[in-house]
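These are the residues of each chain, in order.
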Amino acid sequence: MTDSRQLIRRILEFVHRHSVAVIAATMLITALFGLSLLRLRVDPDVESLLSEVDKLTGGRGGPPTAEVEQNFFVLAAEAADPFTLEGLAALWRALQALERLPQFQPGVTPFNLVGFTRSGTRLGLQSLSPGGRAPESAEELRRFRDALSQSPTARNLVISADGTTLIAFFPVQRAENYTRLMQEIDEIIAPLKAHYRTHVTGSIPFMRTTESYLSRDLSRLLALAVVVILFTFYLGFRSLRAVLLPLSVVLVGTLWCLGFMALAGYPLSIMSVVIPPLVLALGSSYSIHVLNQYYREAGGGGAEEGSHWVIAAVAHVNRTILLAAVTTVAGL
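Calculation notes
- Residues numbered from 1 in each chain as written.
- Predicted model: local features only at pLDDT ≥ 70, side-chain atom pairs only at ≥ 80, totals over all residues.
- Heavy atoms only, no water.
- Helix = DSSP H or I, 4+ residues; strand = E, 2+ residues; numbered from the N terminus.
- Buried < 20%, exposed > 50% of the residue type's maximum accessible area, 1.4 Å probe, protein only.
- Contact = heavy atoms within 4.5 Å.
- Core = buried A, V, L, I, M, F, W, Y, C linked by side-chain atoms within 4.5 Å.
- Pairing = 2+ DSSP bridges.
- Axes fitted to C-alpha atoms, helices over the stretch in contact; angles between N-to-C directions.
- Parallel < 35°, antiparallel > 145°, perpendicular 65-115°, else oblique.
- Left-handed = near helix turned anticlockwise from the far one by under 90°.
- Patch = residues over 30% accessible without salt bridge, like charges linked within 9 Å, V, L, I, M, F, W, Y side chains within 5 Å.
- Areas by Shrake-Rupley, 256 points an atom, 1.4 Å probe, with all protein chains shown as cover.
- Salt bridge = Lys/Arg side-chain N within 4 Å of Asp/Glu carboxyl O.
- Expected span 1.5 Å × (residues − 1).
- Arc of directions from axis to C-beta.

S.K.: What's the story with the overall build of the protein in this structure? I'm lost.
M.R.: Within the protein, the secondary structure is distributed over 10 helices and five strands. Taking all 332 residues of the protein together, the buried fraction comes to 35%. Sequence separation of at least 24 residues holds for 71% of the intrachain contacts in the protein that already meet a minimum separation of 6.

Right, dumping it as C-alpha cells:
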C-alpha cells in the first residue's frame, strides 16, 4: 500500500473513531457558513462583466478616454393634457424629492431646462418655467406650455413631439441595494398616478429587475437540481438511504460554497448564480462513486471485520474521486 493510500486510510480511521465529533464539527461549520449567508450580496451590475478598457470606453472599443457614467434614471409622465396646475405641481414635488435622494444627482427636467431669450439685440438664457418651479397661475401655465412646445431644445428631450409626455433625466450613483432604492422611487412617484400615466426606465429599474431575477432564479435552479438529483439517485439505487445521504452531502457543500463567497466578499452576479447548482450537480457524482463501492463491499459480506469494511470501500475509491475532482476543476 502506497504512502498516499496509507495517509487516506489513517484519515478515514480517524473519522471513523471520532465520528460523533466530526459530525458535530461539520454541523457547527455549516451553521457558521449559514449565518454568513446573511452577508451575501447580489450584484446585478452587468458592467462588472466588462473589461477595464470597455468600462472606460462605454463598451464602444477604442482607446480609453474618461470613465463613462452608466447609471441613470428616466421618468416620463404621460397624459392627454399634461399641462394642468395640479398635475405639474405634483410632478415638480416628485422631481424635487427624487433629487434629494442620496444617489441622485441634479438632472434635466421640464422645470430647470433653459432656453434662449431675446431682449432687443441681446440673447440671454432663461428657465422655460417660471422661476424653475411649477406654474401657480393660469397665465404662468400658458407661458410654460408655449415655451416648452416652441423650444427646439425641449422637444423630444423633456417633452414629446406630440406634447402628451413630460420627461426628466437624472444621473444616479451606484447603490448597494437597487430594490430598496426603487421602492423609495415608487413611493415618491405614486402621487403622480392621480394625474399621469408614469413610466420609468434607465439603469435603476434595470438593475432592480436583474436583482430580483437573480434571487428568484437561484432558488429555482437549486430546487430543479435537487429534484433531478433525488430522481436520479432513487432510480439508480432504489434506497431511501442512498437518496438522503448524498443529498445532504451536496447540500452542505453548496452551503459552504455560498457561505465562503459571502465571507470572502464575492457577490452573487449574473455569472456566479450558476455556481450553487453546479456544486449540486457535480458534487453528486462523487457520491455515486462512494455508493457504488459501498454497496459492492456490502454485497460481498464486507472486506474487513466489523464496520471497518466501510473504510475499505471509501479508501478504494479515493483515487477515482480525486481524479474526478481534478478533471472537473480543469474543465471549469
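S.K.: Which parts of the structure should I look at to understand the nonpolar core?
M.R.: Across soluble globular proteins, nonpolar side chains show a tendency to be buried alongside one another. Ranked by size, the top nonpolar core spans 39 residues in total, and within it F73, L88, L91, L98, F104, L148 and I185 carry the most contacts. Of all the elements in the fold, those that place two or more residues in this core are β1 (72-78), α4 (85-99), α5 (138-150), β4 (165-171), α6 (178-189) and α7 (203-237). Ranked by residues supplied to this core, first place goes to α4 with seven residues.

S.K.: When you look at the environment of Q96 in this model, what are you seeing that I'm missing?
M.R.: On the secondary structure map, Q96 appears in helix α4. Given the relative accessible area of 30%, Q96 is considered partly exposed. Here the alpha-carbon distance between Q96 and P106, two residues 10 residues apart in the chain, equals 9.5 Å.

S.K.: Just checking my understanding: could you explain the pairing of β1 for this structure?
M.R.: The side chains of a regular strand alternate, first on one face of the sheet and then on the other. Counting buried positions over the seven residues of β1 gives five, a clear majority of the element. Note: β1 against β4, seven bridges, orientation antiparallel. Bridge assignment links V74 to a residue of β4, and that residue is F169. As paired strands, β1 and strand β5 (residues 197-202) are joined by six bridges and run antiparallel to one another. The partner of A76 across the bridge, within β5, is H199.

S.K.: Where do I start with the packing of helix α2 (residues 19-36) against helix α8 (residues 240-264) in this structure?
M.R.: In a packed pair of helices, the relevant descriptors are the angle between the two axes and the axis-to-axis distance. Taken N-terminus to C-terminus, the directions of α2 and α8 make an angle of 50°; their axes are 8 Å apart at the nearest point. The angle between the axes of α2 and α8 places the two elements in the oblique class. Relative to α8, the crossing made by α2 is left-handed. Taking contact as the criterion, the partners of T26, I29, T30, F33, G34 and S36 in α2 are, on α8, V252, L255, W256, G259, F260, A262 and L263.

S.K.: It is not clear to me how the packing of α6 against α7 should be interpreted in this structure. Could you clarify?
M.R.: For the pair α6 and α7, interaxial distance at closest approach is 8 Å and the crossing angle is 130°. Between α6 and α7, the angle is such that the two are oblique. The two elements α6 and α7 meet at a crossing, and its hand is left-handed. Contacts from Y178, T179, L181, M182, I185 and D186 in α6 reach I204, P205, M207, R208 and E211 in α7.

S.K.: Would you mind showing me how to read a nonpolar patch on the surface here?
M.R.: Judged by side-chain polarity, L221, V274, I275, L278, L282 and L332 come together as a nonpolar surface patch covering roughly 480 Å² of accessible area. Looking at which element gives the most residues to the nonpolar patch, the answer is helix α9 (residues 275-299), with three residues. With respect to the helices, strands and loops of the structure, L332 is situated in the segment after α10 (309-331). Residue L332 is classed as exposed on the basis of its relative accessible area, which comes to 74%.

S.K.: Mind showing me how you'd approach α5 here?
M.R.: Along an α-helix, residues three or four positions apart point the same way, because every turn accommodates 3.6 residues. Spanning 13 residues, α5 covers 18 Å between terminal C-alpha atoms, matching the ideal 18 Å at 1.5 Å per step. By the burial criterion, the buried members of α5 are E140, L141, F144 and L148. Buried residues of α5, seen end-on, are gathered within an arc of 100° and therefore sit on one face of the element. Exposed and oriented more than 90 degrees from the buried face of α5 are A138 and Q150. Packing partners of the buried residues in α5 comprise α4 and β4.

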